[in-house]
Amino acid sequence: MDRLALKIKLFASHLLIIAFFSTFVVCPVFAEETFTESQQIVKEVLSESEDITGTSEESDITIDTEVISVLSEDEVSKKIVADPVQIDADLVTYQDHSGIAIAQGSVKVRNKNLLLLSPYVEYDTTNGILDAYSDAKESVVIVTSADKLVGHHLRYNLITRQGVLTQASGTAESLYMRGENVYIMSAEAAKDEGLVSIKGKYSEDDMIANWTNVSSTTCDFEEPHYRLETKKAIIIPNQKIILKRPKFYMGKRKLFTYPFDYIIALQKREQSIMPFFLFDTYTGAGLGIRGNLDFNKYGEINIAAIGWSKGMWEAKVRYQKEVLDRLWLFAQSDRLYNRDEKDTLWRPQWGANYTTRSGWTANLLYSQRELIETTVQPGLDKRFDIWRDPEFKLTSPWYGPTFAKFNFVSMYGRYQHNTRSEVNPWTKRLALIVNLSGNPEVSWKNFKPYYGGNYTYYDYDSGLQKQKSIDAWVGLSWHIGSFNFVSQYAQRWVNGSSMQEWDRLYARKDFYQAVSFPLPFGKSWEKWNLSIASTYDVQRSMLGDVTYSLNYNRHCMTWQFWVRDKAASDEKQMGLTFYINAFPEYKIGIGSDTLGDKSPGF
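With respect to the element layout, K247 can be found in strand β16 (residues 247-250). Between the alpha carbons of K247 and T230 there is a distance of 6.5 Å; along the sequence they are 17 residues apart. Once residues lying within four places of it in the same chain are set aside, the contact partners of K247 are R227, L228, E229, K254, F256 and T257.

This is how it looks when you write it as structure tokens:
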């Protein structure tokens, strides 16, 4: 029986490798094994018997450090033991004359990150091919963390690291996906087939999945409210999911076909091209598009463009490329309307961004006619055309516990503010800023406090003039039944003044109040919510602005219709926002990035 246990453990060690490949859904394969040596070891150990069978109600096979004492000279075995795996099955059989090992009856392959389930598995030790089959009751299931992939038949070559899972469905990055076959291959093979960039940053262990005829959605209903259908989807672990020119369906109705590939980036970055709608007092109603186009090794382009009903259009185009690890160069040109100067100009800027592994960021920026918006008081903004030649900015990561986090920002630059009728002199400025944020974890029943502040120091032209300010705010989020409230008081103290109007700080005392509550209609899986937020200018004893938002959460997606009334300046803005609930930070769909943003939609 000792020999039998050893032989079964060796078979289990090979199944460990197939457990690793399946992590293509959310993470790369951890290691590539060479099978010629391990195959020979299996044959030598099992050659003394023509057929060895292990049976039990539930075989419990664990790879552990005992294998090292027997196979201490085999480097492959040392790699396998480094991440233990457990295999459960009702029956395990090895046929020496054919070199085929069989596990059947509730087969489970486990490690700390993965669970592979199948009613029947065959492994051919002579060529490294593994086959996992479903039956009338059970499918082949690969589970990684909270994600899983389900299929009819898995055939995978452990040596070439290529395989196919037929009739596949499952989850990937909050997406529910259904399709035909998933072709699994190494990054090198994917490069050879043109699926990924030749110069893309992939390790030799990364696995790429090419999925055919895929329907994807974040809605878990049998008939989802929306879906994207494509003939080809490419899953690149830890980077992105690419849906090739998908068709967008709302229910059973096709709305449109994307002219570009739809990219779901797994980093926090702008997503693919989508439309949006806005309204502004000065420019009227507007319809536009925005999003990101990724050209792999050639960099990426972020675009935003909108046409207004009052006969003008605005746009932003930004190109950026990572030239070294974490070092990005960019060039950008904005065509924006300055309502104070009554002009629409192209506003170029260029520079570089660098982020260290520890979280420090450095930015170098040149700009011409850059449109800067400054809030003078709640509901009243001013706009300026600014030149930077250049500005260098250094930002630290956040330090400290949640109840008192802080970071530092330092800037040095040369600036010029010009108007249509006046050209002002260049001014040098040194800026030092300290930010504080606190969210204490306290239990006050229905109340949760928060607070924050910052200190700003501006030094102009080596001490000719200085400006200092302190901002502080304290707030409370609370609820009564289904009504949710946010109350906040903020104040700014200013000492000195700026040599430039565009960065001049003003003393302020503001009170902010927001309330949101559900509306009593809709189906059980639908949620309607109305929210009202206002800012009151305490110094001037007047209401600064009010934002109204009607939210319709349709289980897997949310629509927001919002109106912002700037009472202090008699301006109004309006927008319709659509986003997928699984990706709320991306605002995938129609609308502005944030409600009440100074420049909505941009």
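Looking at the secondary structure, you find V474 in strand β30 (residues 465-480). Filtering out sequence-adjacent residues up to four positions away, V474 remains in contact with Y450, Y451, S487, Q488 and Y489.

Enumeration according to the criterion identifies 12 aromatic pairs in this entry. Ring centres 5.6 Å apart and planes at 75 degrees place the aromatic pair F406 and F408 in the edge-to-face group. Using a relative accessible area of 36% as the deciding quantity, one classes F408 as partly exposed. On the numbers, 6.2 Å between centres and 75 degrees between planes, the contact of Y458 with Y460 is edge-to-face. Its relative accessible area of 0% is what places Y460 among the buried residues. Ring pairing ties together the aromatic residues Y399, F406 and F408, which thus form one cluster. Sitting over the face of the ring of Y249, R227 holds its NZ or CZ atom 4.2 Å from the ring centroid. The ring of W313 has R335 sitting right over it, with the charged end atom 4.0 Å from the ring centre.

Scanning the model with the defined rule gives 23 salt bridges in all. The partner of D389 in a salt bridge is R414, and the shortest N-O contact between them spans 3.0 Å. A residue pair is termed long-range when its members are at least 10 positions apart, and D389 in strand β26 (residues 380-395) and R414 in strand β27 (residues 405-418) qualify at 25 residues. The exposure class of D389 is partly exposed, given its relative accessible area of 32%. The exposure class assigned to R414 is partly exposed, which follows from its relative accessible area of 28%. Linking K572 and D565 is a salt bridge whose minimum nitrogen-to-oxygen distance equals 3.9 Å. By sharing partners, the salt bridges in this structure join D280, R339, D340, E373, R383 and E571 into a single network.

Here we take up the confidence of the model for the chain. Looking at the chain as a whole, its pLDDT mean stands at 76, while 75% of the residues score no less than 70. Contacts of residues 1-85 to residues separated by more than four positions or lying in other chains number 180 contacts, the stretch itself having pLDDT below 50.

Cut-offs applied
- Residues numbered from 1 in each chain as written.
- Predicted model: local features only at pLDDT ≥ 70, side-chain atom pairs only at ≥ 80, totals over all residues.
- Heavy atoms only, no water.
- Helix = DSSP H or I, 4+ residues; strand = E, 2+ residues; numbered from the N terminus.
- Contact = heavy atoms within 4.5 Å.
- Phe/Tyr/Trp six-rings, centres within 6.5 Å; stacked < 30°, edge-to-face > 60°.
- Buried < 20%, exposed > 50% of the residue type's maximum accessible area, 1.4 Å probe, protein only.
- Lys NZ or Arg CZ within 6 Å of the ring centre and 35° of its normal.
- Salt bridge = Lys/Arg side-chain N within 4 Å of Asp/Glu carboxyl O.
- pLDDT = per-residue confidence, 0-100.

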